[in-house]
Amino acid sequence: MLRVSNLTVSFGPPGERIPIVQGVDFQLERGRILGIVGESGSGKSVTCLALMKLLGKTATVGGTAELDGENLLALDEPAMVKARGHKIAMIFQDPAAALNPVRSIGWQLGEAIGLNRSNGVPQSGEGARDRAIQLLRDVGMPDPERRLKEYPHQLSGGMNQRALIAMMLARSPKLLIADEPTTALDVTIQAQILRLLLDLRERLSMTIMLISHDLGVIAETCDQVAVMYCGRIVEMGSASELFARPRHPYTVGLLNSRPRIDQQISTLKPIEGVVPSPYALPPGCAFAPRCSRSVSACKVAAPPLDERGAGHRVACFNPAEAAA
Amino acid sequence: MTAPETAATGPRPDSSGALLAVENLVRYFTVARAGLFGRRQTVKAVDDISFSIRKGEVLGIVGESGCGKSSVAKAILNIHPPASGSVRFRETELTKLSLPDWRAMRRKIQYVFQDPLNSLDPRIRILDQVIEPLTIHGIGSRRARTDKAIAILEAVGLSQVHHKKFPHELSGGQQQRVVLARALVLEPEIIICDEPISALDVSIQAQVVQLLQKLRKEFGLTILFISHDLSIVRFLCDRVAVMYLGRIVELADTSALFDQPQHPYTKALISAIPIPVPGARSDRILLDGEPPSPINLPAGCRFNPRCGIAVPLCRQSEPALLGAGAHVTACHLAHGGTA
């Protein structure tokens, strides 16, 4: 189980730190999928990189992130190197950039298998080769024997993403962070990869954090959803509750901004204005300048993420009515 | 709405009254040979495509990456000259135009690319960016050009505070507004938009799409809208062509295409689009595999290796784009035929 408490991330030298993620709190049970949705600059990727401790020295990270009782954020680098891949793994938007362009898929899978000294699988030779083929088969890679000899540039985006997921599986992590894993893929391939993630959750009880800007992808794949805006979670709840009864004006605005494939509509209701820069966040609620429901309190203090029934939490002083 | 069987409107493609008529357009690309003694290989990016756009119409071309939708646009504009086929704009045959004639023609046919920042000159201020096309085409006096540019910037929602800014000082949505202003200031008869909102955030996409819809009403724009985003296409377009591996597989009025898709690829594509309702897509048609390489096309129908309902005929002959009225489909099985 993952328990993240008061996670904050800021960048820059002491005294001029720019807050990028502020007070992120959530819990995720084993085998559940949490979706984090938000636009560029909302802090969703930075949150994930903070959990992986991949942010580098310019970042200051506060709070705790306990995975099965162990605070990842307190681990030193050697311990974190061991934890990455084995306890917590990440896949990215551009699989080709995450793979080594001058090594074959088989070599890279062998490397991942060789790093795993816990499951009794031979780390080289025929045994490792069989394991690599098995992993590729598990992720639905077509023609796995042939793929071992091929290089990332010879594979399609969808196949590269499958290869990355296979490498991740080689070390059977407890928590998988998938950062926009299907954004660079075509929709028919996206459907295949999302099905694969659901399948991994089913077979291996893997816990997954899925980052996406696409509300449709989140709704179809996730059990729980967190909506982020300017570094804060503004709304959180079960997927069924949140999509049926969105309360935060930003969530409502996002849902109204996208035409839907299953509906014929004549007008869109875009959110006016743009996401503010982290260097010039407005006082109070960061969404207030774009919000049609803002009241005077919104400009004074950021609203707390309050419980509004059945695990549904909303950070808003004047939330939308809960539609039936 | 289409009335099948009854509303036949003459031979296809029906280009009477069309502003732009594309007929049997072909564009192949030669790729490097495989090895020193290998044969030169050909990518059939656009393989015998016909469609037409009426004045004031928004036609969408959808399809996945590599299906040739951008190549169609570039062939129309002679950026990649077509190998064969005809592109007629009013009475002018575009494929036979000389380069100087093309320069004048581009005033009437404007192109909007996906990445707005790359479409703008980083060293020129916004107002001057919009004046530049008028200067190039020698339209109006200096004073008139400036007035016109200011008016068009106003129409796309950019005020005086933006005039003196440089492109990098604007947000992505504002940059795309400038690109649209640059295209519109020439009063083109058609604008070709190639994935104009794909690089933008969701809330900004909605602003630009709404702007396109407003401009369309205001200026009576004719738009060829190329996109992989079917939800936006459904919202914005009057008619939609679905492309797969260089061919149009289905072309219909928007409502007919989304409510009664006929081609199995169109059905799968629509079914693959996620919607923000948990559990609503349990009946998804999941396509196996990936599109084959456009270098080695399968025999028969290009979609047959991934098609769930293919019959032996589909592996033998390539279906033609047929249908009654405005709804045409390239599928042996869509017209009640069996093998």
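A quick note: this is a predicted structure, and the numbers were derived from the prediction, not measured. (Residues numbered from 1 in each chain as written. Chains lettered and ligands numbered in written order. Predicted model: local features only at pLDDT ≥ 70, side-chain atom pairs only at ≥ 80, totals over all residues. Heavy atoms only, no water.)

Hey, could you run me through the overall build of chain B in this one?
Each helix and strand counted, chain B has 12 helices and 11 strands in total. For a compact globule of 339 residues, the expected C-alpha radius of gyration is about 20 Å, and chain B comes in at 21 Å, within 12% of that figure. With the principal axes as the frame, chain B shows a C-alpha extent of 70 × 55 × 50 Å. When the 339 residues of chain B are sorted by exposure, 53% land in the buried category. In chain B, the proportion of contacts linking residues at least 24 apart, taken out of those at least 6 apart, comes to 65%. (Helix = DSSP H or I, 4+ residues; strand = E, 2+ residues; numbered from the N terminus. Rg over C-alpha atoms; globule rule 2.2 N^0.38 Å. Buried < 20%, exposed > 50% of the residue type's maximum accessible area, 1.4 Å probe, protein only. Contact = heavy atoms within 4.5 Å.)

How should the interface of chain B and chain A be read in this particular structure?
The accessible area lost on association of the parts is a frequent measure of interface size. Contacts between the two partners involve 39 residues from chain B, matched on the other side by 43 residues from chain A. Viewed at the interface, chain A and chain B are joined by two salt bridges. Between arginine 284 of chain B and glutamate 220 of chain A there is a salt bridge, with the nearest N and O atoms lying 3.0 Å from each other. Along the contact surface separating chain B from chain A lie 19 residue pairs in polar contact (both at pLDDT 80 or more). Elements that contribute at least two residues to the side of chain B that touches chain A include exactly α8 (202-219), α9 (230-236), α10 (254-259) and α11 (264-272) of chain B. (Salt bridge = Lys/Arg side-chain N within 4 Å of Asp/Glu carboxyl O. Polar contact = N/O pair within 3.5 Å; in protein donor to acceptor, adjacent residues only side chain to side chain.)

How do you make sense of the pairing of strand β9 (residues 224-229) of chain A when you look at a structure like this?
The side chains of a regular strand alternate, residue by residue, between the two faces of the sheet. Residues and elements named next belong to chain A. Burial of β9 is extensive: six of the six residues sit out of reach of the surface. What you see with β9 is no split at all: Gln224, Ala226 and Met228 on one side and Val225, Val227 and Tyr229 on the other are buried throughout. Bridge count for strand β3 (residues 33-37) against β9 is four bridges, and the pairing is parallel. Residue pairing in the sheet places valine 37 in a bridge with valine 227 of β9. (Pairing = 2+ DSSP bridges.)

What am I meant to see in the sheet that holds strand β2 (residues 18-28) of chain A here?
Hydrogen bonds between backbone atoms are what pair the strands of a sheet, whose relative direction is either parallel or antiparallel. All names here are of chain A. Reading across the sheet, the four strands line up as β2-β1-β4-β5 and stay open at both edges, with antiparallel pairing between neighbours. Two strands close off the open sheet at either side, each with one partner strand: β2 and β5 (70-71). Sheet topology places strand β4 (residues 59-67) next to β5; two bridges connect them, and they run antiparallel. Bridge pairing links glutamate 66 to asparagine 71 in β5.

Would you mind showing me how to read helix α1 (residues 69-76) of chain B here?
Within an α-helix, residues lying three or four positions from one another point in the same direction, as the helix has 3.6 residues per turn. Residues and elements named next belong to chain B. Burial analysis of α1 places six of its eight residues in the buried class, the great majority of the element. All of the buried residues along α1 are Lys69, Ser71, Val72, Ala73, Ala75 and Ile76. Taken from the residues just after α1, asparagine 78 is the one with a positive phi, measuring 70°.

How should the environment of lysine 53 of chain A be read in this particular structure?
Residues and elements named next belong to chain A. Secondary-structure assignment places lysine 53 in the loop between α1 (44-52) and β4. The class for lysine 53 is partly exposed, based on a relative accessible area of 26%. Residues lysine 53 and alanine 65, spaced 12 residues apart in sequence, show a C-alpha to C-alpha distance of 11 Å. In contact with lysine 53, not counting residues within four places along its chain, are Leu72, Leu73, Ala74, Leu75, Met80 and Arg84.

It is not clear to me how the pattern of salt bridges should be interpreted in this structure. Could you clarify?
It is possible for side chains of opposite charge to pair when their charged atoms get near one another. Under the criterion given, the structure shown has 30 salt bridges over all chains. The salt bridge partner of aspartate 121 of chain B is arginine 123 of chain B, with a shortest N-O separation of 3.5 Å. Classification of aspartate 121 of chain B as partly exposed rests on a relative accessible area of 22%. Two residues, glutamate 218 of chain B and lysine 214 of chain B, come together in a salt bridge whose shortest N-O distance is 3.8 Å. Taken together, the positions of glutamate 218 of chain B and lysine 214 of chain B, both in helix α8 and four residues apart, correspond to about one turn of that helix. Connected through salt bridges with shared partners, the residues Asp143, Arg146, Arg147 and Glu150 of chain A form a single ionic network.

Looking at this structure, I do not really get the domain arrangement of chain A. What am I missing?
All names here are of chain A. On domain assignment, one finds that chain A holds domain 1 (2-87 + 173-314) and domain 2 (103-171). Computed over C-alpha atoms, the centres of domain 1 and domain 2 are 30 Å apart. Contact with domain 1, which involves 17 residues of that partner, is made by 11 residues of domain 2. Taken together, both faces of the contact between domain 1 and domain 2 bury some 1,100 Å²; the carbon and sulfur share is 65%. Linking domain 1 with domain 2 are one salt bridge, by the criterion used here. Arginine 203 is paired through a salt bridge with aspartate 138; the nearest N and O atoms lie 3.9 Å apart. Scanning the region where domain 1 abuts domain 2 turns up four residue pairs in polar contact (both at pLDDT 80 or more). (Domains from an automatic or database assignment. Buried area = accessible area lost by both parts, 1.4 Å probe.)

Looking at this structure, I do not really get the side chain of threonine 222 of chain B. What am I missing?
All names here are of chain B. Looking at the element boundaries, threonine 222 is found in strand β8 (residues 222-227). At 2.8 Å, the side chain of threonine 222 forms a polar contact with the backbone nitrogen of glycine 56. A distance of 3.4 Å separates the side chain of threonine 222 from the backbone oxygen of glutamate 189, its partner in a polar contact.

What am I meant to see in unusual backbone geometry here?
Residues other than glycine predominantly adopt negative phi, and peptide bonds predominantly adopt the trans conformation. Unusually for a residue other than glycine, cysteine 230 of chain A sits at a positive phi of about 50°. Position of cysteine 230 of chain A relative to the elements: it lies in the loop between β9 and β10 (232-238). Residue cysteine 230 of chain A is classed as buried on the basis of its relative accessible area, which comes to 7%. For leucine 245 of chain B, which is not glycine, the phi dihedral falls at a positive 50°. Structurally, the position occupied by leucine 245 of chain B is in the loop between β9 (239-244) and β10 (247-253). A relative accessible area of 5% means that leucine 245 of chain B is categorised as buried.

How should I be thinking about the packing of aromatic side chains in this particular structure?
One pair of aromatic rings is described through two measures. These are the centre distance and the angle between the planes. Residues and elements named next belong to chain A. One pass over the structure, following the stated rule, counts seven aromatic pairs over all chains. For the pair tyrosine 250 and phenylalanine 287, a centre-to-centre distance of 5.2 Å together with 65° between the ring planes defines the contact as edge-to-face. Of this pair, tyrosine 250 sits in helix α11 (residues 249-257) while phenylalanine 287 sits in the loop between α11 and β11 (306-307), and the two are 37 residues apart along the sequence. By the burial criterion, tyrosine 250 is buried, and phenylalanine 287 matches it. Here a set of aromatic residues connected by ring pairs shows up, and it is made of Tyr229, Tyr250 and Phe287. (Phe/Tyr/Trp six-rings, centres within 6.5 Å; stacked < 30°, edge-to-face > 60°.)

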